[in-house]
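The lines below spell out each chain.
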Amino acid sequence: QVQLVESGGGLVQAGGSLRLSCATASRSIFSINAMGWYRQAPAKQRELVARIRSGGNPTYADSVKGRFTISRDNAKNTVYLQMNNLRPEDTTGYYCDAETLYKFWGQGTQVTVSS
């Protein structure tokens, strides 16, 4: 079982920045194969935003390349998503996941970008 605690969402103007955090409250990050950030708009499928494996090697959705950066702090058991140059179309709920033999999800955090 992996418990994930997300934080950092909020309201920002277009062009602004936010940093999301996802802490593994119940398990060392070293025991997790990969962690990622997804987003899901109402009535739409959840889509991958960024993902990072235990050894690094981040991957990004085309829509966020050059604007978002995923990173991990092993000492804090935390993965971050730095979001720069935010656009109104980035507005939605963001969810952290952790992959072991199973997939675990955080509760989600809302990001709202005003034009």
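Data block above holds the structure.
Cut-off values and rules
- One numbering rule holds for all chains: residues counted from 1, following each sequence as written.
- Local features in this predicted model are restricted to residues of pLDDT 70 or higher, and side-chain atom pairs are both shown and tallied only at a pLDDT of 80 or more, whereas totals for entire chains, interfaces and linings draw on every residue.
- Derived side-chain values reflect all non-hydrogen atoms in the structure, with water molecules and hydrogen atoms excluded from consideration.
- Whether two strands pair depends on DSSP finding at least two bridges between them.
- Where helices and strands are cited, they refer to DSSP runs of H or I of at least four residues and of E of at least two residues respectively, numbered from the N terminus.
- To get an axis, a line is fitted to the C-alpha atoms, and for a helix only the part in contact is used. The angle between two axes follows their N-to-C directions and goes from 0 to 180 degrees.
- Exposure classes here rest on a 1.4 Å probe applied to the protein chains alone. A residue is buried below 20% of its type maximum, exposed above 50%, and partly exposed in between.
- Residues are treated as being in contact if the distance between any of their heavy atoms lies within 4.5 Å.
- We define a polar contact as two N or O atoms separated by no more than 3.5 Å, with the added condition that, inside protein, one atom must be a possible hydrogen donor and the other a possible acceptor, whereas residues neighbouring each other in sequence contribute only through side-chain atom pairs.

1. Concerning the sheet that holds strand S3 (residues 18-24)
The strand order S1-S3-S8-S7 describes an open sheet built from 4 strands, whose pairing is antiparallel. The outermost strands of the open sheet, each flanked by one partner alone, are strand S1 (4-7) and strand S7 (68-73). The mean angle between the axes of side-by-side strands here comes to 15 degrees, regardless of whether they run parallel or antiparallel.

2. Focus on the pairing of strand S6 (residues 56-60)
Pairing of strand S5 (residues 47-53) with S6 involves 3 bridges; the strand directions are antiparallel. Bridge pairing in S6 links arginine 53 to glycine 56. With antiparallel pairing between neighbouring strands as the criterion, S5 and S6 make up a hairpin whose turn holds 2 residues.

3. Concerning unusual backbone geometry
Within the chain, alanine 43 stands out as a residue other than glycine whose phi angle is a positive 65 degrees. Position of alanine 43 relative to the elements: it lies in the loop between strand S4 (34-40) and S5. Even without a glycine there, the phi angle at asparagine 85 is positive, about 50 degrees. Following the sequence through the fold, asparagine 85 ends up in the loop between strand S8 (78-83) and strand S9 (92-99). We classify asparagine 85 as partly exposed; its relative accessible area is 43%.

4. Examining the pairing of S1
The alternating pattern of S1 places Leu4 and Glu6 on a buried face, while none of Val5 and Ser7, on the opposite face, is buried. Sheet topology note: the S1/S3 ladder contains 4 bridges and is antiparallel. For leucine 4, the partnering residue across the bridge sits in S3 and is threonine 24.

5. Quick word on the environment of aspartate 73
You can see aspartate 73 is positioned in strand S7. Exposure remark for aspartate 73: the relative accessible area of 23% places this residue in the partly exposed category. Residues aspartate 73 and tyrosine 95 lie 22 residues apart in sequence; the distance between their C-alpha atoms is 18 Å. Filtering out sequence-adjacent residues up to four positions away, aspartate 73 remains in contact with Thr78 and Tyr80. Engagement of the side chain of aspartate 73 in a polar contact is seen with the backbone nitrogen of alanine 75, the distance being 3.1 Å.

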